[in-house]
Amino acid sequence: MAVMLAATTAMQESAHAEIALFKTASNPWLQGINLSGLIEGGIMANPARPDNGINFGNFLGDHANQAQLNQISLTLSKAIDPTKSEFQVGFMLEALYGSDARYYHLLGLSNKMTSDRYQLLPAQAHVDVHAPILSKGGIDMQAGILPAPMGVEVLDPTLRPFYSLAYTSQYSVPFEHLGAMFHWHVTPMFDFNFGVDTGNQTTWGRNDNNNAAAGYFGFNLNGLAHGKLNIAELSRVGPENAVAAIGPRANTAQRWWNDIAAFYTVNDKLSLTGEFNFLHDDGLHAETWSVVTFAAYKITPSLTFNYRGELYRDNSGMFVVNFLTNQAYMNAFLGGYAPVQTAPATTYGALTLGVTYRPDLGHGVRVFALRPEIRFDRSLNGTSPFNDGRNTGMFTFGGDAMIGF
């Protein structure tokens with residue numbers, strides 16, 4: 001399964017549902033409303049058996065040697081088609097239950113429902129509009145609860161090549177927003193993206209960790225190299241730290257996020273992706289930078305070999321941490337009690353290899369996939385962050401299975 005350009009920006013999402021709820025309705029708009037569902041579960045085994053039971057640097061498969069239900073999701077959607085030169089209105093509503101929800105809440109909406117490992121999340125709830133204005137391609141808008149548009153790997157497991165996530169995808173890009181994003185198709189080759197929100201995984205009032213907004217700006221270059229190359233760049237700026245953690249300067253201390261990804265289709269079997277990310281935080285006086293490379297080779301129509309290699313530098317030790325209780329990640333956003341496993345400043349190297357077996361089962365099954373993977377993480381500067389601080393490296397293997405309609 002190749003990494004998709006659509007996964008880099010929420011403005012390019014398309015409906016992935018297969019059941020048309022109002023297929024026989026006389027209203028064409030109602031005919032386009034669809035329902036989809038997905039179940040995913042996985043395990044990451046660790047032969048070292050860390051004392052605290054945590055695979056350090058891994059969110060979705062954080063519990064070593066324990067199978068878990070990552071996602072049960074239901075999505076109701078009405079897609080817009082940005083290629084049509086007409087005014088359109090759509091929407092997307094997605095509810096998700098599982099262990100993944102612990103890391104994708106918005107403060108004040110769902111983070112206090114339960115302290116169990118399996119939690120409920122309103123993953124998406126937004127109105128989508130396509131307006132044929134400003135240029136021939138028009139402009140798209142999404143407003144509401146949005147998945148963050150930055151980065152290559154996303155929450156939806158059908159849109160990424162591995163069960164586990166790269167360090168970049170966990171520590172150097174946002175996850176969820178309450179706000180609005182705009183995608184302006186200036187020319188067929190150039191898109192301009194911009195947006196504003198309350199902050200990463202925050203809402204408003206007491207559920208915002210500071211009193212300032214944040215926003216995006218960036219661009220897409222489409223169809224380069226005879227249609228084989230696409231480039232997506234997105235930057236973000238705004239205060240992201242909690243007043244409770246660093247004091248009033250959290251309202252003005254900016255975090256600067258920058259991510260650029262290139263997607264190259266070599267041929268109908270091989271696709272390559274490269275991502276560079278740089279983050280600087282004024283309030284924490286901390287920086288991260290990283291390079292991630294992906295390759296996907298289609299062995300058969302239903303079997304794909306996947307590679308991911310990453311070099312990630314956390315120059316302060318403040319970003320790469322693991323949260324030891326089910327509520328700790330979200331509590332940290334407000335500067336509250338959050339037991340964590342930390343590491344000193346470290347340069348991480350990670351190599352992940354796997355295959356995706358994704359046959360077409362038919363009979364209403366939208367997707368069925370098995371994704372075994374092996375992964376090796378290592379500190380490249382002599383620190384020992386892994387296996388409860390015992391080792392400079394960590395070997396894990398496992399994967400996930402998913403089925404959806």
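Structure: above.
Residues numbered from 1 in each chain as written. Predicted model: local features only at pLDDT ≥ 70, side-chain atom pairs only at ≥ 80, totals over all residues. Heavy atoms only, no water.

### A few points about the overall build of the chain
- In terms of regular secondary structure, the chain is built from 5 helices and 19 strands.
- Against the globule reference of 22 Å for 405 residues, the chain gives a C-alpha radius of gyration of 21 Å, in line with a compact fold.
- Principal axes of the C-alpha set define a box for the chain whose edges measure 65 × 50 × 45 Å.
- Looking at the chain residue by residue over its 405 residues, the buried ones come to 54%.
- When the accessible surface of the chain is totalled, it reaches about 16,400 Å², and 64% of it is carbon and sulfur.
- Mean positive and mean negative side-chain charge positions of the chain (24 and 33 charges, respectively) differ by 4 Å. (Helix = DSSP H or I, 4+ residues; strand = E, 2+ residues; numbered from the N terminus. Rg over C-alpha atoms; globule rule 2.2 N^0.38 Å. Buried < 20%, exposed > 50% of the residue type's maximum accessible area, 1.4 Å probe, protein only. Areas by Shrake-Rupley, 256 points an atom, 1.4 Å probe, with all protein chains shown as cover. Lys, Arg positive; Asp, Glu negative; His and termini not counted. Charge placed at Lys NZ, Arg CZ, Asp CG, Glu CD.)

### So, the pattern of salt bridges
- Overall, the coordinates contain 10 salt bridges when judged by the stated rule.
- Residues Glu-40 and Arg-160 are paired through a salt bridge, measuring 3.8 Å at the closest nitrogen-oxygen approach. Here Glu-40 is found in strand 2 (residues 33-45), whereas its partner Arg-160 is found in the loop between strand 6 (139-147) and helix 2 (167-171), with 120 residues between them in sequence.
- The class of Glu-40 is buried, set by a relative accessible area of 0%.
- For the salt bridge of Arg-236 with Glu-240, the shortest nitrogen-to-oxygen distance reads 2.8 Å. Neither Arg-236 nor Glu-240 differs from the other in exposure class; each is buried. (Salt bridge = Lys/Arg side-chain N within 4 Å of Asp/Glu carboxyl O.)

### Overview of the packing of aromatic side chains
- In total, this model carries 20 aromatic pairs according to the counting rule given.
- Taking the centre distance of 5.7 Å and the plane angle of 75° together, the rings of Phe-59 and Tyr-329 count as edge-to-face. Taken together, the residues span a long stretch of sequence, with Phe-59 in the loop between strand 2 and strand 3 (68-78) and Tyr-329 in helix 5 (residues 328-333) at a distance of 270 residues. Like Tyr-329, Phe-59 is buried.
- Taking 5.2 Å as the distance between ring centres and 75° as the angle between the ring planes, the aromatic pair formed by Tyr-103 and Tyr-329 counts as edge-to-face. You can see Tyr-103 sitting in the loop between strand 4 (88-98) and strand 5 (119-131) and its partner Tyr-329 sitting in helix 5, a full 226 residues away along the chain.
- Classification of Tyr-103 by relative accessible area gives buried; the value is 2%.
- Sitting over the face of the ring of Tyr-216, Arg-236 holds its NZ or CZ atom 4.8 Å from the ring centroid. (Phe/Tyr/Trp six-rings, centres within 6.5 Å; stacked < 30°, edge-to-face > 60°. Lys NZ or Arg CZ within 6 Å of the ring centre and 35° of its normal.)

### Examining unusual backbone geometry
- Unusually for a residue other than glycine, His-363 sits at a positive phi of about 55°.
- Relative to the helices and strands, His-363 is located in the loop between strand 17 (346-357) and strand 18 (367-379).
- Among the residues examined, His-363 registers a relative accessible area of 82% and is labelled exposed.
- Positive phi is not limited to glycine here, since Asn-387 has a value of about 55°.

### Describing the nonpolar core
- Of all hydrophobic cores here, the largest spans 39 residues; its most connected members are Phe-59, Tyr-104, Tyr-167, Tyr-329 and Tyr-348.
- Contributing elements (two or more residues each) for this core: strand 5, helix 2, helix 5 and strand 17.
- Of the residues forming this core, the biggest block, 4 residues, is contributed by helix 5.
- If near-sequence neighbours (up to four positions away) are discounted, Tyr-167 is found in contact with Gly-57, Ser-172, Glu-310, Tyr-312, Val-320, Tyr-348, Ala-350, Arg-375, Asp-377 and Phe-386.
- By size, the runner-up hydrophobic cluster in this structure holds 7 residues, among which are Ala-232, Ala-261, Phe-263 and Val-292. (Core = buried A, V, L, I, M, F, W, Y, C linked by side-chain atoms within 4.5 Å. Contact = heavy atoms within 4.5 Å.)

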